[in-house]
Amino acid sequence: MVETAGVVGRLSQGMAQGVLSFPLTSFREDGTLDLDAYRSYLALQLAAEPGAVFPACGTGEFTALDEDEYRQVVTAAVEAADGRVPVVAGIGYGWAQALRFARIAEQAGADAALVLPHYLVKAPQDGLVEQLRRIASGTGLPLIAYQRDQVSFTAGGLRRIAEIPTVIGLKDGHSDLDRLQRLTLAAPEGFLFFNGAATAEIQARAYAAVGVPAYSSAVHAFAPEIARAFFGAFQEGDTARMDELLSGFYIPFVELRDRVPGYAVSLVKAAARLRGLPVGPVRAPLTDPGPEDLAELTKLLDHGLGLVGAER
């Protein structure tokens, strides 16, 4: 049984000190899991001092992993972190399958689990709450709910999931700041929130205005230098520096990402490969970028790194 209050404290501290890392999962060209490459990549991610690491989540292609691969990925992340930062593993699908993954993550030594949106079905608040109750009843891991796509909590639903002893927070991917403000005001003291927009830096200031300054960073997966520079400017309130990075890198990156479904992962992985990081290709149904988009990504990455005094 993981001690929930301790995990909340460590996550709160980490979220205040760095961005949240959602590492890519390394595959070989034939599509098989490359665990040695993944360990090397994790070491680089952790060297950039994130606030926490979230293996096998959306950026890590959770839905492309079988249970044995998932166990290896989470175990490798726990070993690499070695207690320095919290490890929050992705779990998902319906509650029964999510619970299977939660138990694997718990056995592997993860500190908490991020409950990814369930598959396909749009459910009422009673069902969303019951989903979390059923998962919580079968694992000692603290749970963070993730609302995006078909999962969306009302203030009343948020109060109910916050009453589940091991539900400790909410990741928001809707970017509906009106609704999010209602949720933050409805939550009990100490309940964790963080910005999980696809490229969270673009909305970081808006989220902070409703009480959610912590955020995950897909850019950290391939350019931690850029992610750390933006985070530093964000913490210091350096509007000019944030605007420079947003205009010069983040907004063009989002415009490129939005061209093709799945680029939220495959473009990130392509950028990592451009930097020589050992992540390999994406797994189907995702596809790697074509030559034109890859050429544009190369120029954009070089420019972004140049803005922070780094090189590819």
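Residues numbered from 1 in each chain as written. Predicted model: local features only at pLDDT ≥ 70, side-chain atom pairs only at ≥ 80, totals over all residues. Heavy atoms only, no water.

Novice: What's the story with empty space enclosed by the protein in this structure? I'm lost.
Specialist: One way to see where empty space is left: roll a probe the size of a water molecule over the atoms. Counted according to the given criterion, the structure contains one cavity of 30 Å³ or more. A volume near 90 Å³ is recorded for the largest cavity. Around the largest cavity, the lining residues are Val 115, Leu 116, Pro 117, His 118, Leu 128, Gln 131, Leu 132, Ala 145, Tyr 146, Val 151 and Phe 153. Top contributing element to the lining of the largest cavity by residue count: helix H5 (residues 125-138), with three residues. Here the residues of the lining of the largest cavity are counted per class, giving nine nonpolar, two polar and no charged. (1 Å grid on protein atoms, 1.4 Å probe; cavity = no way out; pocket = protein on both sides within 12 Å on 5 of 7 lines; lining within 4 Å. Points joined across faces, edges and corners; volume = space filled by probe spheres on them. Helix = DSSP H or I, 4+ residues; strand = E, 2+ residues; numbered from the N terminus. Nonpolar A, V, L, I, M, F, W, Y, C, P; charged D, E, K, R; others polar.)

Novice: Help me understand a nonpolar patch on the surface in this model?
Specialist: A cluster of nonpolar side chains, Tyr 119, Leu 120 and Val 121, forms an exposed patch at the surface whose accessible area comes to about 370 Å². Relative to the helices and strands, Tyr 119 is located in the loop between strand S4 (112-115) and H5. (Patch = residues over 30% accessible without salt bridge, like charges linked within 9 Å, V, L, I, M, F, W, Y side chains within 5 Å. Areas by Shrake-Rupley, 256 points an atom, 1.4 Å probe, with all protein chains shown as cover. Salt bridge = Lys/Arg side-chain N within 4 Å of Asp/Glu carboxyl O.)

Novice: How should the side chain of Ser 21 be read in this particular structure?
Specialist: Take Ser 21: it is sitting in strand S1 (residues 20-21). Among the residues examined, Ser 21 registers a relative accessible area of 1% and is labelled buried. Discounting residues that sit within four places of it in the chain, Ser 21 has contacts with Gln 45, Pro 50, Ala 52, Val 53, Phe 54 and His 220. (Buried < 20%, exposed > 50% of the residue type's maximum accessible area, 1.4 Å probe, protein only. Contact = heavy atoms within 4.5 Å.)

Novice: Would you explain the sheet that holds strand S2 (residues 52-53) in this entry?
Specialist: Overall, parallel pairing links the three strands, which are arranged S2-S1-S8 in an open sheet. The open sheet has two edge strands with one neighbour each: S2 and strand S8 (216-217). (Pairing = 2+ DSSP bridges.)

Novice: Would you explain the layout of surface pockets in this entry?
Specialist: Taken as a whole, the largest pocket spans an internal volume of roughly 1,000 Å³. Along the walls of the largest pocket sit 41 residues, with Gly 58, Thr 59, Arg 148, Asp 149 and Val 265 positioned nearest its centre. Elements supplying a minimum of two residues to the lining of the largest pocket: S8, helix H10 (239-257) and helix H11 (263-274). For the lining of the largest pocket, the element with the highest residue contribution is H11, accounting for four residues. Within this model, the second largest pocket holds a volume of roughly 250 Å³. Residue lining of the second largest pocket: 16 residues in total, with Gln 17, Gly 18, Glu 49, Pro 50 and Gly 51 positioned closest to the centre. Every element with two or more residues in the lining of the second largest pocket is listed here: helix H1 (4-17) and helix H9 (224-236). Looking at the lining of the second largest pocket, the element that brings in the most residues is H1, giving four residues. In terms of residue class, the lining of the second largest pocket is built from six nonpolar, six polar and four charged.

Novice: Hey, could you run me through the packing of aromatic side chains in this one?
Specialist: The geometry of an aromatic ring pair comes down to the distance between the two centres and the angle between the two planes. Following the criterion strictly, the structure yields 15 aromatic pairs and no others. Centre to centre, the rings of Phe 191 and Phe 193 are 5.5 Å apart; their planes meet at 65°, and the pair counts as edge-to-face. The burial state of Phe 191 is the same as that of Phe 193; both residues are buried. (Phe/Tyr/Trp six-rings, centres within 6.5 Å; stacked < 30°, edge-to-face > 60°.)

Novice: Any chance you could explain the sheet that holds strand S6 (residues 167-172) here in plain terms?
Specialist: Each strand in a sheet pairs with another by means of backbone hydrogen bonds, the pair being arranged parallel or else antiparallel. Read across the open sheet, the five strands follow the order S3-S4-S5-S6-S7; overall the sheet is parallel. For this open sheet the edge positions go to strand S3 (88-91) and strand S7 (192-195), each flanked by a neighbour on one side alone. Recorded for the sheet is a direction-independent mean angle of 25° between the axes of neighbouring strands. Of the strand pairs in this sheet, S6 and S7 are connected by four bridges, and their pairing is parallel. Directly across from Lys 171, in S7, lies its bridge partner Phe 194. Those strands touched by helix H7 (residues 177-186) are strand S5 (143-147), S6 and S7, and its axis lies near 160° from that of S7. (Axes fitted to C-alpha atoms, helices over the stretch in contact; angles between N-to-C directions.)

Novice: Just checking my understanding: could you explain the packing of helix H6 (residues 155-162) against H7 for this structure?
Specialist: Two quantities define a packed helix pair, namely the angle between the axes and the distance from one axis to the other. Close contact between H6 and H7 brings their axes to 9 Å; oriented N to C, the two are set at 40°. In the crossing of H6 with H7, the sense of the turn from one axis to the other is right-handed. Here H6 contributes Ala 155, Leu 158 and Arg 159 to the contact with H7, which in turn contributes Arg 182, Leu 183 and Ala 186. Split into classes, the residues belonging to the contact of H6 with H7 amount to four nonpolar, no polar and two charged. (Left-handed = near helix turned anticlockwise from the far one by under 90°.)

Novice: Help me out: how do you make sense of the pairing of S7 in this one?
Specialist: Put simply, side chains in a regular strand alternate between the two faces of the sheet. Every second residue of S7 is oriented toward a common face, with Leu 192 and Phe 194 on one face and Phe 193 and Asn 195 on the other, all of them buried. As a crossover connection, the stretch from S6 through H7 into S7 is right-handed. (Right-handed = clockwise from strand over helix to strand, strands pointing away.)

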